[in-house]
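# Report on the structure
Listed below are the residues making up each chain.
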Amino acid sequence: MASFIPYWSYKDEVCSFLQTIFPQPLRLGLCASAFGQSSTVDSYISTESPIAKAGVLANIGSSGVESSGAYPGVVIASPSTIDPDYLYTWVRDSSLVFKMLIDQYTSGQDTTLRGHINDFIAAEANIQQVPNPSGTVSTGGLGEPKFNINETAFTGAWGRPQRDGPALRSTAMITYATWLIANKNETYVTDSLWPIIKLDLDYIMNNWNETTFDLWEEVDSSSFFTSAVQHRALRQGSALATAIGQSSVVSGYNTQANNILCFLQSFWNPSPGFMTANTGGGRSGRDANTVLTSIHVFDVEAGCDGVTFQPCSDVALSNLKVYVDSFREIYDINAGIRADQAVATGRYPEDVYQGGNPWYLASFAVAEQLYDALIVWNVSFPFFQQFDASIKPGTYSSSTPTYSTLTTAIKNFADGFVATAAKYTPSGGGLAEQYTRSDGTPTSAFDLTWSYASALTAFNARAGKTSASWGAAGLSVSPACSTSKASTVPVIFNVNVTTVVGQNIYLTGSVGALTDWSTTNAILMSSADYPTWSTAVTLPANTQIQYKYIIVDNGNVTWESDPNNEFTTSMSGITTLNDVWR
């Protein structure tokens, strides 16, 4: 466990985050309000936990009551077959679900799951070998995102490849393998599990620096979530390889893990302080992708490390505030909610899929990040000295008033996101993919397996349960790392423009990625931080770029005044441009 929490370098952003919890320093009134909400959440967790667990198991073939036709160990995303049709199995969703189940099994929380786990391993071993539109097992096929529930290839048009699947699958299996070794079953790990795991790890090692569709299957670029889970998988894979004597792969895995860790730092946008979710896509970059990253790379032994984006780190909490605040004004169901209270959150503020609504898993993810932070703060507490001058470096007992005030207030804030999900959970406890932005009615795919799994992991985090360490503690960025990304770099464009209803701001410029001065294909910018309009674009590195912003109003185009804006892109890292309309 960490014995201290480092001083936060992004103090203004983090102070701003804590001010949403403490409108006045250490305001004791928050403690009183916590008890009522805590009781509501306690009640919801008590009733929803068995429903969510049953919902997960119902969607796992072949015995699951909602998964008719699915092969053993195959996880269906949802029984929904019409608008949307989710009766498929995604490598990402399946692996996240089984990581949760493996954690429950290996911790002793549910010892009945071993049969399901063995079925999952067999199913994924078969799926690895299925030729598909992304290729074969040796020519890129491991990046195929989804399959039919009978383990055959899905051959329709789709966003492919998606390179997070092999990372998440190997992480789930490595967690199980590590437990098996500790329980004297190394032979099964070496003979049966390692060949499956090694295929995924080798794929990551050789392909991590290629573009990928993000976890929402929409943006083809580099993804913060994907890179982060790839980094974790290689670290765990290296440790497992060492443990079972497969030393020949260790150097390669470690080298590329170091390079990925270096690359991950380039996603940080220092103003206003958030991780840009993708290097492309033309959106603001505020995305649940980043919150999901924090909870899926959580390592309790890493403390509040910012390099690996731990939940209580400066960068992760600053990012969380920016992400949450981006939804406060865009959903009707958030109207009238104070800035110090939880709100409904979705994938990203520009979302239009199925109406662009809040997602249950996004609400649970915010709560889980804060619960994870509290788990670490329960270990060590000097972080709080910068928010109250009377706090001295050291560890605070749970019996002290300061400890109780701060942690109760933060837990109350986290509980608010669970309470939001609870408010829009129907009486039967079923969790759909989304709930509508207008009135909170469940919508899109019903009985979404990932929604149920996200509820269960959030509930476990609230109860203080953690997974085994994956080796995040003590990592640092090597000054000699190589990302193989020198050919392109991400650039954030921000422009302050006051507009009227019906007007939108677009970006165009002198290179193909900026649409070659086109006004018909120009890049729509996000107004999530109005009057600042923003977008992220991947541009050629070390290249002179000219660009302008345009206003489009019912087809009428107004250009910025001359001259063109001009700059030269960097060789690496993210560049942020802050402009004012001329």
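All figures in this text were calculated on a predicted structure; none of them were measured in a lab.

What follows deals with the pattern of salt bridges. Oppositely charged side chains can form a pair if their charged atoms are brought close together. Under the definition given, this model contains 21 salt bridges. Here D164 ties to R92 by a salt bridge, and the two come within 2.9 Å at their closest N and O atoms. Residue D164 is found in helix α5 (residues 164-182), and its partner R92 is found in helix α3 (residues 91-106); the two are separated by 72 residues along the sequence. For the pair D164 and R92, a shared accessibility class is recorded, and that class is buried.

What follows concerns the environment of T558. Of note, T558 is situated in strand β15 (residues 556-559). Between the C-alpha atoms of T558 and I505, which are 53 residues apart in sequence, the distance is 9.7 Å. Setting aside its immediate chain neighbours within four residues, T558 contacts Y549, I550, I551 and W581.

Let's shift gears to unusual backbone geometry. Residue P161 is reached from R160 by a cis peptide bond, and omega for that bond is 0°. A cis amide bond links Y530 with the next residue in sequence, P531, at an omega value of 10°. Relative to the assigned elements, P531 resides in the loop between β12 (526-529) and β13 (532-540). Despite not being glycine, K184 has its phi angle at roughly 65°, a positive value. Topologically, K184 is positioned in the loop between α5 and α6 (186-207). On the basis of relative accessible area, K184 is assigned to the exposed category, the value being 77%.

If you walk across this open sheet you meet the four strands as β12-β13-β9-β17, and the pairing is mixed. Looking at which strands have only one partner, the edges of the open sheet turn out to be β12 and β17 (575-580). Geometrically, the sheet is characterised by an average inter-axis angle of 35° between neighbouring strands, direction not taken into account. Inspection of the sheet shows strand β9 (residues 488-496) paired to β13 by nine bridges, in the antiparallel sense. Residue N496 lies in a different strand from β13, and its bridge partner there is T532.

Quick look at the environment of R338 now. Within the secondary structure, R338 is located in the loop between α10 (314-325) and α11 (360-377). Taking the C-alpha atoms as reference points, R338 and R328, separated by 10 residues in sequence, lie 9.1 Å from one another.

Quick look at the confidence of the model for the protein chain now. Looking at the protein chain as a whole, its pLDDT mean stands at 88, while 88% of the residues score no less than 70. Predicted confidence for residues 1-16 stays below pLDDT 50, and this span has 40 contacts to residues more than four positions away or in other chains. Within the model, pLDDT remains below 50 along residues 379-389, and this stretch shows 34 contacts once partners closer than five positions in the same chain are excluded.

Right, let's get into the state of the cysteines. The tally for this structure, following the rule as stated, stands at one disulfide. Each disulfide pairs two cysteine sulfurs, and for C304 the partner residue is C312, the sulfurs being separated by 1.9 Å. Across the disulfide from C304 to C312, rotation about the S-S bond amounts to roughly -105°, and the bridge is consequently left-handed. The class of C312 is buried, set by a relative accessible area of 1%.

Calculation notes
Residues numbered from 1 in each chain as written. Predicted model: local features only at pLDDT ≥ 70, side-chain atom pairs only at ≥ 80, totals over all residues. Heavy atoms only, no water. Salt bridge = Lys/Arg side-chain N within 4 Å of Asp/Glu carboxyl O. Helix = DSSP H or I, 4+ residues; strand = E, 2+ residues; numbered from the N terminus. Buried < 20%, exposed > 50% of the residue type's maximum accessible area, 1.4 Å probe, protein only. Contact = heavy atoms within 4.5 Å. Pairing = 2+ DSSP bridges. Axes fitted to C-alpha atoms, helices over the stretch in contact; angles between N-to-C directions. pLDDT = per-residue confidence, 0-100. Disulfide = S-S within 2.5 Å.

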